[in-house]
Structures are given as structure tokens and as C-alpha cells.
Amino acid sequence: MTNPPEAPFGRVLTAMATAFHDDGSVDLDGTARIAAHLVEHGHDGVVVSGTTGESPTTTVAEDGQILAVVKDAVGGRAKVVAGVGTNATAHSIELARQAEKVGADGLLLVTPYYSKPGQAGVLHHFRSVVEATDVPVMLYDVPGRTATEISLGVYEQMIAMAPVVAVKDAVGNYARGVRIMQLGYALYSGDDANNLGWLAHGAAGVVSVVGHAAGDQTRAMVDAFLAGDTAGALEIFTRLLPAIDAVMGVANYGATTAKAALQLLGVLDNRNVRAPLVPLDDDELAGLRAGLAASGLLGT
């Protein structure tokens with residue numbers, strides 16, 4: 001078989017949740033526990049302060065503290081990628097420079113959301129942030145949240161910048177993704193339901209949410225596929241489908257379901273989120289528990 005694609009940030013990453021105390025302040029010890037849990041269960045990378053980390057509600061100072069505590073907890077064992085994308089270019093530059101000082105191994109740079117810039121604006125934003133540091137960059141294409149898809153023309157221009165090495169794809173267009181990889185990007189699946197499909201199309205790895213509860217299984221699936229055991233990889237993926245449905249099937253999935261899963265697993269003692277998100281209610285929690293149990297991730 002051919003050699004597996006290059007994976008600059010590792011094969012299995014999760015966009016990790018941020019823990020909060022009951023008073024709404026960041027729980028740094030709990031956040032460090034999440035990172036350690038992930039690395040102890042199949043991960044060779046984590047992404048902090050992304051959407052699942054509730055970055056729209058955290059301050060610059062909090063983002064720096066979160067990154068520092070995660071680096072301390074797992075930096076010797078895993079790549080730590082810092083989410084720095086916002087809908088304000090100056091804010092994103094500030095976050096990128098802070099992440100470089102703290103020692104991030106990479107930056108996750110999402111398309112500016114809500115402002116809905118044209119492609120010239122997206123390109124200007126990306127260039128401005130990338131030029132601010134020397135840290136390797138993973139672009140993030142998630143039009144379902146940002147309302148803007150990165151054009152192939154922007155991809156063509158951004159790959160010419162040395163720090164830009166990867167993309168987290170939550171568009172889900174495999175043919176388009178192959179074209180992006182042909183430009184030189186390492187592509188990471190940004191949607192758990194598409195993880196195996198992306199691997200089949202040449203992806204370097206995954207940036208998961210379900211990985212909060214299924215890290216070992218996701219690692220086993222990726223390893224099986226890259227070893228040529230496609231049937232084994234499909235078997236694992238199929239077994240994970242109830243968990244994927246349960247984690248991704250709740251409104252505002254991501255932070256809410258990830259933290260509820262961590263509570264069910266005993267990693268956290270609460271499932272606190274920051275407004276405007278609200279924690280899963282009892283019925284939603286029961287549905288999540290059932291989905292995780294159906295995938296063999298929790299006792300029934």
C-alpha cells in the first residue's frame with residue numbers, strides 16, 4: 001500500500017471542551033484533566049479554544065491561561081493547537097501572537113463568522129493572521145457556522161504561505177477536498193460522521209468531538225484504515241454511529257454534549273457551559289447516555 005499522508009499535527013485530535021466552575025469561571029484544573037484524558041485515550045493532538053471550547057465566550061486572557069495549562073499537562077506527549085479565529089482580524093492577530101508566546105504547536109484559523117466577508121476579505125484576514133507569527137496554521141472551513149466557504153482560489157493563494165500546512169474540513173465535499181489536498185494541504189476531517197470517508201479520500205487525520213468519549217476507538221479506526229484493514233475500520237466506525245448520532249444530534253452540539261459525556265465518564269463533575277449555551281437537560285442527557293452505551297463507551 002502507499003505511504004500514509006503527512007500529518008503535521010498528528011492523526012487523532014479532538015476539539016476539546018473547556019471546563020467551567022459553577023460560577024462561570026474557567027476551571028483550569030478541569031481543563032487540564034480533559035486534555036490528559038484525551039492523550040491517555042488515543043490522541044496525539046488536541047485543539048483548544050475552538051468552538052467546542054466555547055471560544056466566542058472566553059477572553060484573550062482566559063485563552064492564554066487555557067493554552068498554558070494544556071501545554072503543561074500534555075505538551076510533552078501531544079501537539080497542542082490553539083484556536084485563534086474570530087470575526088475581527090485584529091483580535092485574531094492578538095490571539096495568534098499570544099499563542100506563539102505560550103508555545104502553541106499550531107494555530108486553528110477559522111473563516112470570519114457572522115461578518116460574512118467576500119473571498120477578498122477572507123484572504124486578507126487569513127494573510128494578516130498568518131503573517132503575525134511563524135506558527136504552523138490549520139485553516140478551518142465550516143460554512144455551517146460561519147456562513148462563508150473558503151474558495152479554491154483562496155486555498156491556492158494561502159498554501160503559498162509557508163506556515164499554512166493543513167485544513168480542517170467541515171464542508172464534506174470529498175471531490176473538492178481531494179482538489180484541496182492536491183494543492184498541498186494536509187486535510188483533517190472536521191465532522192465525525194465523515195471521518196472514515198475522509199480517510200478513504202486521503203485525509204491525514206481527524207479533528208473530532210466524539211473523541212471526548214471515543215478516543216481509543218477513533219485511534220483504532222484510523223490505525224486500521226492506514227494499515228490497510230478497511231473492513232476493520234468500517235466495523236469500528238459502524239459501532240461508533242450511535243455515539244456520533246447522540247453527540248452531534250443535540251442542538252448546539254459540541255460543547256454541551258462533549259461536557260455531558262465527560263461528566264458521564266467521570267472526567268468532570270459537572271457539565272457547565274457559558275451562556276448563550278445551556279447544559280443538556282435530563283432527557284437530552286439520557287439520550288446521550290443511551291447513544292454512548294450503544295457504542296460500548298459506557299456501561300448500560
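These numbers were taken from a predicted model, which means no experiment stands behind them. (Residues numbered from 1 in each chain as written. Predicted model: local features only at pLDDT ≥ 70, side-chain atom pairs only at ≥ 80, totals over all residues. Heavy atoms only, no water.)

Peer 1: When you look at helix H7 (residues 174–182) in this model, what are you seeing that I'm missing?
Peer 2: Structural remark: α-helix, 3.6 residues per turn; residues separated by three or four positions point the same way. For H7, the set of buried residues is Arg 176, Gly 177, Ile 180 and Met 181. Buried positions in H7, seen along its axis, are confined to an arc of 145 degrees and lie on one side of it. Among the structural elements, strand S5 (137–141), helix H6 (152–158), strand S6 (164–169), strand S7 (186–189) and helix H8 (195–200) are those in contact with the buried residues of H7. Two or three places before Ala 175, at the start of H7, stands the capping residue Asn 173, its side-chain oxygen 3.3 Å from that residue's backbone nitrogen. (Buried < 20%, exposed > 50% of the residue type's maximum accessible area, 1.4 Å probe, protein only. Helix = DSSP H or I, 4+ residues; strand = E, 2+ residues; numbered from the N terminus. Arc of directions from axis to C-beta. Contact = heavy atoms within 4.5 Å. Polar contact = N/O pair within 3.5 Å; in protein donor to acceptor, adjacent residues only side chain to side chain.)

Peer 1: I would appreciate a short explanation of unusual backbone geometry in the present structure.
Peer 2: Here the residue pair Ala 275 and Pro 276 is connected by a cis peptide bond, since its omega of 20 degrees sits within 30 degrees of zero. Following the sequence through the fold, Pro 276 ends up in the loop between helix H11 (255–265) and helix H12 (282–294). Its identity is not glycine, yet Ser 49 carries a phi of approximately 60 degrees, on the positive side. Locating Ser 49 in the fold gives a position in the loop between strand S2 (45–48) and helix H2 (60–74). The backbone phi angle of Lys 116 is positive, close to 55 degrees, even though this residue is not glycine.

Peer 1: Help me understand the UniProt feature "active site" (unreviewed entry) in the protein in this model?
Peer 2: Within the UniProt annotation, "active site" (unreviewed entry) is assigned to Tyr 140 and Lys 168. With the annotated positions falling across 29 residues, the maximum pairwise C-alpha distance of 4.7 Å places them together in a single cluster. For Tyr 140, a relative accessible area of 8% translates into the label buried. As for its position among the elements, Lys 168 is in strand S6. Judged by relative accessible area, Lys 168 falls into the buried class, the value being 5%. Sequence-distant contacts of Lys 168, defined by excluding residues within four places in its chain, comprise Ala 15, Leu 108, Met 138, Leu 139, Tyr 140, Asp 141, Tyr 188, Gly 190 and Val 207. Separated by 3.4 Å, the side chains of Lys 168 and Tyr 140 make a polar contact. (UniProt positions renumbered as here; feature names shortened; annotations may be inferred.)

Peer 1: What exactly am I supposed to notice about the UniProt feature "site: Part of a proton relay during catalysis" (unreviewed entry) in the protein here?
Peer 2: Per the UniProt annotation, the sites labelled "site: Part of a proton relay during catalysis" (unreviewed entry) are Thr 51 and Tyr 114. Spanning 64 residues, the named residues form one tight spatial group whose C-alpha atoms are at most 13.8 Å apart. Secondary-structure assignment places Thr 51 in the loop between S2 and H2. In this structure Thr 51 comes out as partly exposed when scored by relative accessible area, which is 35%. Here Tyr 114 is to be found in the loop between strand S4 (106–110) and helix H4 (119–130). In this structure, Tyr 114 is in contact with Asn 87 and Thr 146, ignoring residues within four places of it in sequence.

Peer 1: Can you help me understand the environment of Asn 173 in this one?
Peer 2: Take Asn 173: it is sitting in the loop between S6 and H7. Separated by 103 residues in sequence, Asn 173 and Val 70 place their C-alpha atoms 33 Å apart. Looking at Asn 173, its side chain comes within polar contact range of the main-chain nitrogen of Ala 175, at 3.3 Å.

Peer 1: Just to check I follow, could you spell out H4 for this structure?
Peer 2: Here H4 is 12 residues long and its end C-alpha atoms lie 16 Å apart, about the 16 Å a rise of 1.5 Å per residue gives. Taken together, the buried positions of H4 are occupied by Val 122, Leu 123, His 125, Phe 126, Ser 128, Val 129 and Val 130. Looking at the packing, one finds that the buried side of H4 touches helix H3 (89–102), S4, S5, H6 and S6. (Expected span 1.5 Å × (residues − 1).)

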